[in-house]
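# Topology and contacts: notes
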Amino acid sequence: MTTPEADQSQAPRPEERLEQAVRAAEQALIEYEIAVETFRVEVENFSRLHEQRLGPLYLRIEELDAEIAEAKAARTGAPEDIRRAAEARARVLPMPGVEELLHGWMDGDGLFPEAVAMLTDQPVRPPQRVRPSEEARKLYRELARKAHPDLAQEEDERKRREEFLSRVNAAYARGDETLLAELAAEWAAGPVPPERRPSPAEELYARLEWLAQRKELLTLVARELEDGAIAGMLRLAPDDPDGLLDEIAERLRADIAQREAELAGLLGRD
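Parameters and conventions
Residues numbered from 1 in each chain as written. Predicted model: local features only at pLDDT ≥ 70, side-chain atom pairs only at ≥ 80, totals over all residues. Heavy atoms only, no water. Helix = DSSP H or I, 4+ residues; strand = E, 2+ residues; numbered from the N terminus. Buried < 20%, exposed > 50% of the residue type's maximum accessible area, 1.4 Å probe, protein only. Contact = heavy atoms within 4.5 Å. Areas by Shrake-Rupley, 256 points an atom, 1.4 Å probe, with all protein chains shown as cover. Core = buried A, V, L, I, M, F, W, Y, C linked by side-chain atoms within 4.5 Å. Axes fitted to C-alpha atoms, helices over the stretch in contact; angles between N-to-C directions. Left-handed = near helix turned anticlockwise from the far one by under 90°. Nonpolar A, V, L, I, M, F, W, Y, C, P; charged D, E, K, R; others polar. Phe/Tyr/Trp six-rings, centres within 6.5 Å; stacked < 30°, edge-to-face > 60°. Lys NZ or Arg CZ within 6 Å of the ring centre and 35° of its normal. Parallel < 35°, antiparallel > 145°, perpendicular 65-115°, else oblique. Polar contact = N/O pair within 3.5 Å; in protein donor to acceptor, adjacent residues only side chain to side chain. Patch = residues over 30% accessible without salt bridge, like charges linked within 9 Å, V, L, I, M, F, W, Y side chains within 5 Å. Salt bridge = Lys/Arg side-chain N within 4 Å of Asp/Glu carboxyl O. Lys, Arg positive; Asp, Glu negative; His and termini not counted. Charge placed at Lys NZ, Arg CZ, Asp CG, Glu CD. Expected span 1.5 Å × (residues − 1).

## Some words on the overall build of the chain
When its secondary structure is counted, the chain shows 11 helices and 2 strands. In the chain, the succession of α and β elements from N to C terminus is α-α-α-α-β-β-α-α-α-α-α-α-α. Out of the 270 residues in the chain, the part that is buried amounts to 34%. Within the chain, contacts between residues at least 6 apart in sequence are counted, and of these 72% link residues at least 24 apart. In the form shown here, the chain has an accessible surface area of approximately 17,000 Å², with 53% of it arising from carbon and sulfur atoms.

What follows is the structure, encoded as structure tokens:
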């Protein structure tokens, strides 16, 4: 038979369930952050590929629209047609820094050779892709779970983890598997974070509230990504985004051919 004193010594601490809830919320938030960051990298990579492959085609369409409007204005001389031609031409005039904006497809002197080749179906240098390998993804997830700042209790340790994780995120965004492996070794050799110490119930409640606020902020980021045009395109073909770009490029080339025929008719060409 146990004594009342023994029963009391075996009873769980009042804040034990609250501590368990905090740990569960921390892990759930980390997994959610990993999912949001992974999705952000996928969207950025697809956006870059979209601009590299389709940018010259969109530029060609805008140039043809300007030439068609100018040809119509020259034929009619109507003030409204002249105004429309000026607006169409203004949309394709080079701007300062246009080379950086268009990722190297064009500068003040016009399209680069790669862009011309893309428009004419000639061989073109493959666009640079940044798609993390499966090993890079595995390393990133492991490092994010181990080194996440939310697991730190001391401010100095939190700052150390934030700086380290920013390096991890940068390496993952570049798909640098070698650097991720080096960072994994660096973390393994680093200082062992202090063991979690029991916190007062009031501090645990505050922690839960902070985690909830962080989750709301991440939800806003995820929603903004999901509502974007690039994410919408990815949802159309999640398993074959390259094929989707090929389909869009084919339609754009058909639009270009149609505009070129219209322009030739306006200029009296065969």
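## A word on the nonpolar core
Formed by 23 residues in total, the largest nonpolar core has its most connected members in Phe-46, Leu-54 and Met-233. Counting residues per element, this core draws most heavily on helix 2 (residues 16-76), at 9 residues. Apart from the residues within four sequence positions on either side, Met-233 is in contact with Phe-46, His-50, Leu-244, Leu-245 and Ile-248. One finds Ala-144, Phe-164, Ala-171 and Tyr-172 within the second-largest nonpolar core, a separate group that totals 17 residues.

## Some words on the packing of helix 2 against helix 6 (residues 134-147)
Running from N to C, helix 2 and helix 6 point in directions that differ by 145°, and their axes come no closer than 10 Å. Where helix 2 crosses over helix 6, the handedness of that crossing is right-handed. Here Ile-30, Glu-31, Ile-34, Glu-37, Thr-38 and Glu-42 of helix 2 lie close against helix 6, whose contacting residues are Arg-137, Tyr-140, Arg-141, Ala-144 and Arg-145. For the contact of helix 2 with helix 6, the class distribution of residues is 4 nonpolar, 1 polar and 6 charged.

## Describing the packing of aromatic side chains
One pass over the full model with this rule turns up 2 aromatic pairs. Geometrically, the ring pair formed by Tyr-140 and Tyr-172 is stacked, given 4.3 Å between the ring centres and 15° between the ring planes. Here Tyr-140 is found in helix 6, whereas its partner Tyr-172 is found in helix 7 (residues 155-173), with 32 residues between them in sequence. Take Tyr-140 and Tyr-172: they sit in the same class, and that class is buried. Judged by centre distance (5.1 Å) and plane angle (40°), the ring pair of Phe-164 and Trp-187 falls under tilted. Here the residue Phe-164 occupies a position in helix 7, and Trp-187 occupies one in helix 8 (residues 177-189), the gap between them amounting to 23 residues. Under the relative-accessibility criterion, Trp-187 is labelled buried at 11%. The ring centre of Tyr-32 lies 4.8 Å from the NZ or CZ of Lys-215, which sits over that ring.

## Focus: the packing of helix 2 against helix 9 (residues 201-227)
At a closest axis distance of 10 Å, the pairing of helix 2 and helix 9 adopts a crossing angle of 20°. Accordingly, the angle class assigned to the pair helix 2 and helix 9 is roughly parallel. Where helix 2 crosses over helix 9, the handedness of that crossing is left-handed. Residue classes in the contact of helix 2 with helix 9 are distributed as 19 nonpolar, 1 polar and 8 charged.

## Looking at the side chain of Glu-33
Mapped onto the fold, Glu-33 is located in helix 2. Judged by its relative accessible area of 14%, Glu-33 is buried. Of the polar contacts made by the side chain of Glu-33, one reaches the side chain of His-148; its length is 2.9 Å. Residues contacting Glu-33, with those up to four places away along its chain left out, are His-148, Asp-150, Arg-214 and Leu-218.

## Section: a negative patch on the surface
Side chains of Asp-239, Asp-240, Glu-247 and Glu-250 sit close together on the surface and give a patch of like negative charge. Note on placement: Asp-239 falls in the loop between helix 10 (229-236) and helix 11 (241-267).

## Comments concerning helix 9
The terminal C-alpha atoms of helix 9 lie 39 Å apart, and with 27 residues this matches the ideal 39 Å at 1.5 Å per residue to within 8%. By the burial criterion, the buried members of helix 9 are Leu-204, Arg-207, Leu-211, Leu-218, Ala-222 and Leu-225. Of the surrounding elements, those touching the buried residues of helix 9 are helix 2, helix 7 and helix 10.

## Describing helix 11
Here helix 11 contains 27 residues, and its C-alpha end-to-end distance of 39 Å stays within 8% of the 39 Å for a straight helix at 1.5 Å per residue. Those residues of helix 11 lying buried are Pro-241, Gly-243, Leu-244, Leu-245, Ile-248, Ala-249, Leu-252, Ile-256, Leu-263, Ala-264 and Leu-266. In the segment just after helix 11, Gly-268 is the residue with positive phi, at about 75°.

## Quick notes on the environment of Ala-28
Mapped onto the fold, Ala-28 is located in helix 2. Taking relative accessible area as the criterion, Ala-28 reaches 47% and is therefore assigned partly exposed. Residues Ala-28 and Leu-211, 183 residues apart in the sequence, show an inter-C-alpha distance of 9.6 Å.

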